[in-house]
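Now for the letters of each chain:
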There are 2 protein chains.
Amino acid sequence: MDNFNFYSPTEFVFGRGRENECGEYVKKYSSGKVLIHYGGGSVVRSGLLDRVKKSLQGSGVEFTELGGVQPNPRDTLVYKGIELCRKENVGLILAVGGGSVIDSAKAIAAGVPYDGDFWDFYSGKKVEKALPVGVILTIAAAGSEGSGDSVITKEEGLLKRGTGSDALRAKFSILDPELTQTLPAYQTACGATDIMAHVFERYFTNTKEVEITDRLCEAVLITMVKETPRVIADPDNYEARANIMWAGMVAHNGLVGVGRSQDWNSHGIEHELSALYDCAHGAGLAVIMPAWMEFVYKHDVMRFCQMATRVFGCEMNFEDPEATALEGIRRFRSFLHSIGMPVNFEELGAKEEDIPVMVKKLRYGEDGKTWGFVRLSPEDVTEIYKTAVRAQV
Amino acid sequence: MDNFNFYSPTEFVFGRGRENECGEYVKKYSSGKVLIHYGGGSVVRSGLLDRVKKSLQGSGVEFTELGGVQPNPRDTLVYKGIELCRKENVGLILAVGGGSVIDSAKAIAAGVPYDGDFWDFYSGKKVEKALPVGVILTIAAAGSEGSGDSVITKEEGLLKRGTGSDALRAKFSILDPELTQTLPAYQTACGATDIMAHVFERYFTNTKEVEITDRLCEAVLITMVKETPRVIADPDNYEARANIMWAGMVAHNGLVGVGRSQDWNSHGIEHELSALYDCAHGAGLAVIMPAWMEFVYKHDVMRFCQMATRVFGCEMNFEDPEATALEGIRRFRSFLHSIGMPVNFEELGAKEEDIPVMVKKLRYGEDGKTWGFVRLSPEDVTEIYKTAVRAQV
């Protein structure tokens, strides 16, 4: 096991109706005014925003608000938020929404106490200080409610960049599974795929003998394999929603990746897809991740056999381990298809002729390869995209 | 899933040699003088105390020290520690040791800023404020490095009482598996048993459909079943030690119990054994827990089948589920025996004739029963003790 630090200081407030306690938690972590930050109209239409305001009013907390966060949140709104917070002397930012809203709130939180341009933090500078952030989560997917990460897109040139710091971890995150019950099946499935991807990126490691982390990874994956189809079949299944929502936090607060090297190539390769076609991140991952697995499995056949048997219930083929490894990948893709995810370029709306552009845009190290479980050359990445073009269940 | 809060704000610093960074972490969480708190001579003999002091000196941190913490830490030393901290104007307490040392440090931390008698906190009063506590852990067992709990024994009448508060969670906990390599096999096995017990007390629940918590429980248990025999066979196996040490934290910081009712009867029943015979807590649990399982398994045969198949690798007997449940319990007891734990009264040094005294001392609710997975009458508890008298592998 490699040496590591693990720090997840967020207070998680989980369950039915807990958003009505947000006033109390805001007061616990800040004495000033609150900026309510959110996206489109759904939090307004559902009445959630009204309930949040009522709770704040009930606790005697003053607030101002800033809506309009887009998927792939933009720097332009972050600048607006920073200005507003300074003008109104805001003490805490309350993100009401999914990963994009939370990421935008984190960016504003880092920018307010900083003299320079907040984009510095998305260009390599470490965030040391930020306003406190609170979260009311409305979709189980990105895991931003428990992580110290934030990804922002620069409007000019659509440059997508991330930053990470413990200073950006939310002070509290309210997770009410009922808030996710109105989500369309497609978004629910995209979220589930993202959650599973966050685990797989940590599961495929070159560090040996980290049994506890392996088993924790598998705990989340097995839960997702069981609970996701139940939610797709019955959107109002609170228990299944609850399991998925908590699994989504556990998948990305850092716990299931400690003590070992990680991968993250599928995220990078997918990123070029969503940048080009504006497809959902989870949908892109559904197309890329099994293709990536098929390309790299020979690097560690036994690890793929472990996934196949422990997560997807395959029987181990002791005479032909590769067959078990491939059967595990096949079941993963088939699972993704069964929850309504695309599994190839056509289903995603991507085009084979764009592959060279995407391969070129991807970032490589000085020796021309990516980082991770298997370091990939542009030729390797081309091969993975091509596998994704023709993939079938 | 029941509503819950989960809050584990401790910074965990894990790996080889990390104790040499303690000066840096102390400075991060306090600006004042440090009280180094420890137990007997082993931290002195091993040179650990010297390395801790060197690190503190290197960071320019002043310190004072208080050793002498006993297993089942006493109130008398806590009073001494509180007085010392006030006199020396201590800003942080650094616990160097196992659960007893950490529990004692937490008690001192709560007592220093409190005007009344610290024992109030162990008589029902909630700790709202405490000095910051840092930890350097030397044994994987109690989980106090990640929990907000503390248990102290009142010298007068040997009254053992606990308290719990998020204010008592350590600011940082340094976990170096190498520090546990010198532990005798018996202590290592007692610690492993305690870790498994912390999970089982949460695993046996009456709340349905908490798949994610179930699977996280099983992740820890499976890891312990795999890694403990490796460490008993080879005390210097760093990887196995590392997996156990991290599993011990995960087992007790609250994560594997969220969203559901819990049990804790085995802890209560064991407590009377260690109070009477001064045996190790883990050894008492090894005797009690399988006996408790045999008494309650009919309450939820399927849950015991789940344990048997997922944790102990039993094949499910679909014609006779009870046989599978019992086989799981048999394998658990056999596992405990294999790592050198006692499995009955004689091996523990307990006496059948003392059962009535222990049954009487146990705490019951107003209706005369304990709380938990199955609420137990004094007759039930008697039966469990009697099963433990005659248990064999």
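These notes cover the structure that comes with them. (Residues numbered from 1 in each chain as written. Chains lettered and ligands numbered in written order. Predicted model: local features only at pLDDT ≥ 70, side-chain atom pairs only at ≥ 80, totals over all residues. Heavy atoms only, no water.)

### Overview of the overall build of chain A
Secondary structure assignment for chain A yields 15 helices and eight strands. For a compact globule of 393 residues, the expected C-alpha radius of gyration is about 21 Å, and chain A comes in at 21 Å, within 12% of that figure. The C-alpha extent of chain A, read off along each of the three principal axes, is 70 × 45 × 40 Å. Expressed as a percentage of its 393 residues, the buried residues of chain A come to 62%. Taken as a whole, chain A presents about 14800 Å² of accessible surface, with 48% of it coming from carbon and sulfur. Taking the 43 positively charged and 54 negatively charged side chains of chain A as two groups, their mean positions are separated by 4 Å. (Helix = DSSP H or I, 4+ residues; strand = E, 2+ residues; numbered from the N terminus. Rg over C-alpha atoms; globule rule 2.2 N^0.38 Å. Buried < 20%, exposed > 50% of the residue type's maximum accessible area, 1.4 Å probe, protein only. Areas by Shrake-Rupley, 256 points an atom, 1.4 Å probe, with all protein chains shown as cover. Lys, Arg positive; Asp, Glu negative; His and termini not counted. Charge placed at Lys NZ, Arg CZ, Asp CG, Glu CD.)

### Thoughts on the relation of the copies chain A and chain B
Mapping chain A onto chain B is achieved by rotating through 180 degrees and translating by 0.0 Å along the same axis, at an RMSD of 0.0 Å. The transformation just described matches what one would write down for a two-fold rotation axis. Closest approach to the rotation axis among the C-alpha atoms of chain A is made by P9 of chain A, whose C-alpha sits 1.8 Å away. Comparing contact sets, 100% of the residues at the interface of chain A also lie at the interface in chain B, consistent with an isologous, same-surface contact. (Least-squares fit on C-alpha atoms with pLDDT ≥ 70 in both. Contact = heavy atoms within 4.5 Å.)

### With respect to the pairing of strand β2 (residues 33-38) of chain A
Each regular strand carries side chains that alternate between the two faces of the sheet. Residue and element names in this part refer to chain A. When you tally the buried positions in β2, you get six out of six residues, the bulk of the element. Sheet analysis places β2 next to strand β4 (residues 90-97), joined by six bridges and oriented parallel. In the strand pairing of β4, K33 is matched with V90. With four bridges joining them, β2 and strand β3 (residues 63-66) adopt parallel strand pairing. Bridging from a neighbouring strand, I36 pairs with E65 of β3. (Pairing = 2+ DSSP bridges.)

### Focus: the nonpolar core
Ranked by internal contacts, the top residues of the largest apolar core, which has 229 residues, are F200, W246 and F304 of chain A together with F200, W246 and F304 of chain B. Residues contacting F304 of chain B, with those up to four places away along its chain left out, are F204, W292, M293, V296, Y297, A325, I329 and F373 of chain B. (Core = buried A, V, L, I, M, F, W, Y, C linked by side-chain atoms within 4.5 Å.)

### Side note on the packing of aromatic side chains
Across all of its chains, the model carries 46 aromatic pairs over all chains by this definition. Relative to F121 of chain A, the ring of Y114 of chain A has its centre 4.5 Å away and its plane inclined at 50 degrees; by these criteria the two rings are tilted. Summarising the burial analysis for this pair, Y114 of chain A and F121 of chain A share the class buried. On the numbers, 6.1 Å between centres and 55 degrees between planes, the contact of W292 of chain A with F373 of chain A is tilted. Placement of W292 of chain A in helix α10 (residues 281-296) and of F373 of chain A in the loop between α14 (355-361) and α15 (378-390) is noted, with a sequence separation of 81 residues between them. We note that W292 of chain A, like F373 of chain A, is buried. An aromatic cluster is built from F200, Y203, F204, W292, F304, F312, F332 and F373 of chain A, whose rings are joined through pairwise contacts. Above the ring of Y203 of chain B, the side-chain terminus of R303 of chain B is found at 5.2 Å from the ring centroid. (Phe/Tyr/Trp six-rings, centres within 6.5 Å; stacked < 30°, edge-to-face > 60°. Lys NZ or Arg CZ within 6 Å of the ring centre and 35° of its normal.)

### Describing the interface of chain A and chain B
Tallying the contact residues gives 41 residues for chain A and 41 residues for chain B. A buried area of about 3700 Å², summed over both sides, lies between chain A and chain B, and 55% of it is on carbon and sulfur atoms. Counting across the chain A and chain B interface gives four salt bridges. Here R230 of chain B and E209 of chain A are joined by a salt bridge, their closest N and O atoms 2.3 Å apart. Run the count over chain A and chain B and you get 26 residue pairs in polar contact (both at pLDDT 80 or more). Mapped onto the side of chain A that touches chain B, the elements with two or more residues apiece are β1 (4-14), α1 (22-29), α7 (211-233) and α8 (238-250) of chain A. (Buried area = accessible area lost by both parts, 1.4 Å probe. Salt bridge = Lys/Arg side-chain N within 4 Å of Asp/Glu carboxyl O. Polar contact = N/O pair within 3.5 Å; in protein donor to acceptor, adjacent residues only side chain to side chain.)

### Considerations on the sheet that holds β4 of chain A
Spatial ordering of the open sheet is given by β3(A)-β2(A)-β4(A)-β5(A)-β8(A)-β1(A)-β1(B)-β8(B)-β5(B)-β4(B)-β2(B)-β3(B), a layout of twelve strands whose pairing is mixed. A strand with exactly one partner marks an edge of an open sheet, and here the two such strands are β3 of chain A together with β3 (63-66) of chain B. For this sheet the average axis-to-axis angle between neighbouring strands, irrespective of direction, equals 25 degrees. In terms of strand pairing, strand β5 (residues 133-137) of chain B meets strand β8 (residues 172-175) of chain B through four bridges, oriented parallel. By the bridge assignment for β8 of chain B, G134 of chain B is matched with F172 of chain B. Against the sheet, helix α3 (residues 48-58) of chain A touches β2, β3, β4 and β5 (133-137) of chain A, its axis set at about 170 degrees to β2 of chain A. (Axes fitted to C-alpha atoms, helices over the stretch in contact; angles between N-to-C directions.)

### What about the side chain of E19 of chain B?
Residues and elements named next belong to chain B. Topologically, E19 is positioned in the loop between β1 (4-14) and α1 (22-29). Side-chain polar atoms of E19 contact the side chain of R51, separated by 2.5 Å. When near neighbours in sequence (up to four residues on either side) are disregarded, E19 contacts L48, R51, S55, I136, I174, D176 and L179.

### Quick word on the packing of helix α4 (residues 75-88) of chain A against helix α5 (residues 99-111) of chain A
Residue and element names in this part refer to chain A. Contact geometry for α4 and α5: axes closest at 9 Å, N-to-C directions at 50 degrees. With respect to their mutual orientation, α4 and α5 come out oblique. Of the two elements, α4 crosses α5, and the hand of that crossing is right-handed. On α5, the residues touching V78, G81, I82, C85 and R86 of α4 are S104, A107, I108 and G111. For the contact of α4 with α5, a count of residues per class yields five nonpolar, three polar and one charged. (Parallel < 35°, antiparallel > 145°, perpendicular 65-115°, else oblique. Left-handed = near helix turned anticlockwise from the far one by under 90°. Nonpolar A, V, L, I, M, F, W, Y, C, P; charged D, E, K, R; others polar.)

### Considering the side chain of R169 of chain B
All names here are of chain B. Secondary-structure assignment places R169 in the loop between β7 (159-164) and β8. Judged by its relative accessible area of 13%, R169 falls in the buried class. R169 has contacts with Y7, S8, P9, T10, G146, S147, G148 and N253, leaving out every residue within four places of it along the chain.

### As for helix α9 (residues 265-277) of chain A
All names here are of chain A. Here α9 contains 13 residues, and its C-alpha end-to-end distance of 19 Å stays within 8% of the 18 Å for a straight helix at 1.5 Å per residue. The complete set of buried residues in α9 reads N265, S266, H267, I269, E270, E272, L273 and S274. Where the residues of α9 are buried, they touch β7 (159-164), α6 (185-203), α10, α13 (345-348), α14 and α15. Where α9 ends, the next residue or the one after it, D278, has phi of about 55 degrees, a positive value. (Expected span 1.5 Å × (residues − 1).)

### Observations regarding the pairing of β1 of chain B
Of all eleven residues making up β1 of chain B, ten are buried, and the element is well covered by its neighbours. In this structure, β1 of chain A lies alongside β1 of chain B, joined through nine bridges in antiparallel fashion. If you follow F14 of chain A over to β1 of chain B, its bridge partner there is F4 of chain B. As paired elements, β1 of chain B and β8 of chain B share four bridges and run parallel to each other. Residue pairing across strands places F14 of chain B opposite L175 of chain B, the latter belonging to β8 of chain B.

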